[in-house]
Amino acid sequence: MRIRNVAVSLAIASTLSGAALFFYSTSPKEPAPDALAAASAWVPESPKAPRSMDAKFIRPTATRKERAPESRSLPLLTVSAPEAGLPDFEPSAVNWSRAIAPGETLDVVLSEAGLESPDRAEIALALGTEYDLRRLRPGHSITVISEANGRPRNVSLEVEDGVRIEVIFGEQLATQVVTPDPDIVTLAGEAVIESSLFNALANAGIPARFAVDLAQMLGGTVDFRREMSGGEILRLMWREARVDGERIAEPNLAFAALDMGGSLYEVVWPEDGSGQATIYVDGELLRIFAQPVDGARLSSVFGRRTHPVYGNVRMHTGVDFAAAQGTPVKATAPGRISFIGRRGGYGRVVEISHGSDTMTRYAHLSAVPEGLSQGERVAAGDLIGRVGATGTATGPNLHYEVLVDGRPTDPLADERLAEASKHELEGTGSLTRLLAARALMEKKLDPATVLKATERL
């Protein structure tokens, strides 16, 4: 009974399903849109076989894994190898430089720079062909440019007046001398002497080394200790050689005017650098003096002193000027060479006769110019030797003497040398040069403070 009921139910369901299908197929329908019909009719093409490639596969120089973008696509970075290799860098050079200290030799300085003995000998030989290495003195400087391995590339020696001697290493060793073309600048300043000449110049910003020059020029005429009570006015004019605004040599005095209240002392130096100076008092020619060593320190004066070598007290028959080895020594007055040679403790000596009764002696010299001979006439300021330490001396210096009738006199006070050289300026326009120096001084200083020295003539 149950089976028959199930069969009847299935028959009824089949009849109803068939009737529904018949009704749907016979009922009217709207046509589908064209785009939808075309989309339903699309069939994907069959994939094409891959195209064969004749080129060899080239491995990329650099690769980068790609990540699927999460929300937006990002440009991929492409890293390519450089087309050419990195440039070859030259090893950095080592630059070493310092000034020569007192008592040092070229070999000592080059050794400190780290140069080997063969290189030092080669450098000394090359520099010596252009410059007398015996003239090396404090203030000269050495510059060494070396490779990273210590081999020298360039060595330069800077000497006086900005002159530089260079040794250049390459396939062949080369040496050259570089001489600057300086600008000559004229400067002027004023100082008030209260305690000492040196302090007055230093406080006024004037080169204090001029105190030595003035002491040499006026030491025999003006007693700077006894005659000065304070407030004396000193005006100076000097020349400096400069390259690119830097001073390359020691300045040289051109004009000095010392107002002592009751007298006006003036000194005019020549432009030719000879060192021969003309001294005037109230516009009248007093004397002519060429200092034996430019800018040297007066280390010992005339008179009794304790001898620096023997230790006993004895007469010092001249004055000593401390200066570097090889510094030029000049004649202080016109005359004739009477002796060249050695005299015991004086060492190498040059003696000059000035007339029948006066003679000057220049001792401890290291060298005498070639060609200088006995009997030759010289003028004030002529080169007659170089500072040394021959004979009995504790260091490089010039011992300078003035002898009258064979007896030593104070070189800074004796007036006979002035008489020996005075005739050289007679009628040569010495007063004209004095007036020209005064006029230039007035231009360099404030006109409101310049001494109206021309009113004193």
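Attention here is on the structure that accompanies the text. (Residues numbered from 1 in each chain as written. Predicted model: local features only at pLDDT ≥ 70, side-chain atom pairs only at ≥ 80, totals over all residues. Heavy atoms only, no water.)

## Description of the overall build of the protein chain
Helices and strands together make up the secondary structure of the protein chain, namely eight helices and 24 strands. Taking the intrachain contacts of the protein chain between residues at least 6 apart in sequence as the baseline, contacts between residues at least 24 apart amount to 58%. Accessible surface, the protein chain as shown: approximately 27800 Å² in total, 53% of it carbon and sulfur. (Helix = DSSP H or I, 4+ residues; strand = E, 2+ residues; numbered from the N terminus. Contact = heavy atoms within 4.5 Å. Areas by Shrake-Rupley, 256 points an atom, 1.4 Å probe, with all protein chains shown as cover.)

## Some points on helix 8 (residues 430-444)
Counted at 1.5 Å a residue, the expected span for helix 8 with its 15 residues is 21 Å, and the 21 Å between its end C-alpha atoms agrees. Every buried residue belonging to helix 8 is among Ser 430, Leu 434, Ala 437, Arg 438 and Met 441, and all of these are buried. An end-on view of helix 8 places all buried positions within 100 degrees of arc, on one side of the element. In this structure, helix 8 carries Thr 432 and Lys 443 as exposed residues pointing more than 90 degrees from its buried face. (Expected span 1.5 Å × (residues − 1). Buried < 20%, exposed > 50% of the residue type's maximum accessible area, 1.4 Å probe, protein only. Arc of directions from axis to C-beta.)

## Brief notes about the sheet that holds strand 3 (residues 152-158)
Within the open sheet, the five strands sit side by side as 1-2-3-4-5. Their pairing is antiparallel. Here the strands that pair on one side only, and so sit at the sheet edges, are strand 1 (94-99) and strand 5 (174-178). Adjacent strand axes in the sheet meet at a mean angle of 15 degrees, parallel and antiparallel pairs treated alike. The sheet contact formed by strand 1 and strand 2 (residues 141-146) spans six bridges and is antiparallel. Bridging from a neighbouring strand, Trp 96 pairs with Val 144 of strand 2. Of the strands in this sheet, strand 3, strand 4 (164-168) and strand 5 touch helix 4 (residues 117-128), which is tilted by about 135 degrees from strand 4. (Pairing = 2+ DSSP bridges. Axes fitted to C-alpha atoms, helices over the stretch in contact; angles between N-to-C directions.)

## Regarding unusual backbone geometry
Phi is positive for Asp 282, which is not a glycine, with a value near 50 degrees. By the element assignment, Asp 282 lies in the loop between strand 11 (276-281) and strand 12 (284-290).

## Concerning helix 4
Relative to the 16 Å expected for 12 residues at 1.5 Å per residue, helix 4 spans 16 Å between its end C-alpha atoms, a close match to the ideal helical length. Turning to helix 4, its buried residues are Asp 119, Arg 120, Ile 123, Ala 126 and Leu 127. Down the axis, helix 4 shows its buried residues gathered within 130 degrees of arc, on one side only. Relative to its buried face, helix 4 has exposed residues pointing more than 90 degrees away, namely Pro 118 and Leu 125. Looking at the buried positions of helix 4, the neighbouring elements they touch are helix 3 (106-112), strand 3, strand 4 and strand 5.

## A look at the pattern of salt bridges
Under the defined criterion, the tally for this structure stands at 16 salt bridges. Here Arg 153 makes a salt bridge to Glu 147, at a shortest N to O gap of 2.9 Å. Taking the relative accessible area as the measure of exposure, Glu 147 reaches 25% and is therefore partly exposed. Ionic pairing is found between Arg 361 and Glu 351, a salt bridge with its closest N-O pair at 2.8 Å. Here Glu 351 lies in strand 19 (residues 348-354) and Arg 361 lies in strand 20 (residues 358-367), a separation of 10 residues in the sequence. The pair Arg 361 / Glu 351 is uniform in exposure class, with both members buried. (Salt bridge = Lys/Arg side-chain N within 4 Å of Asp/Glu carboxyl O.)

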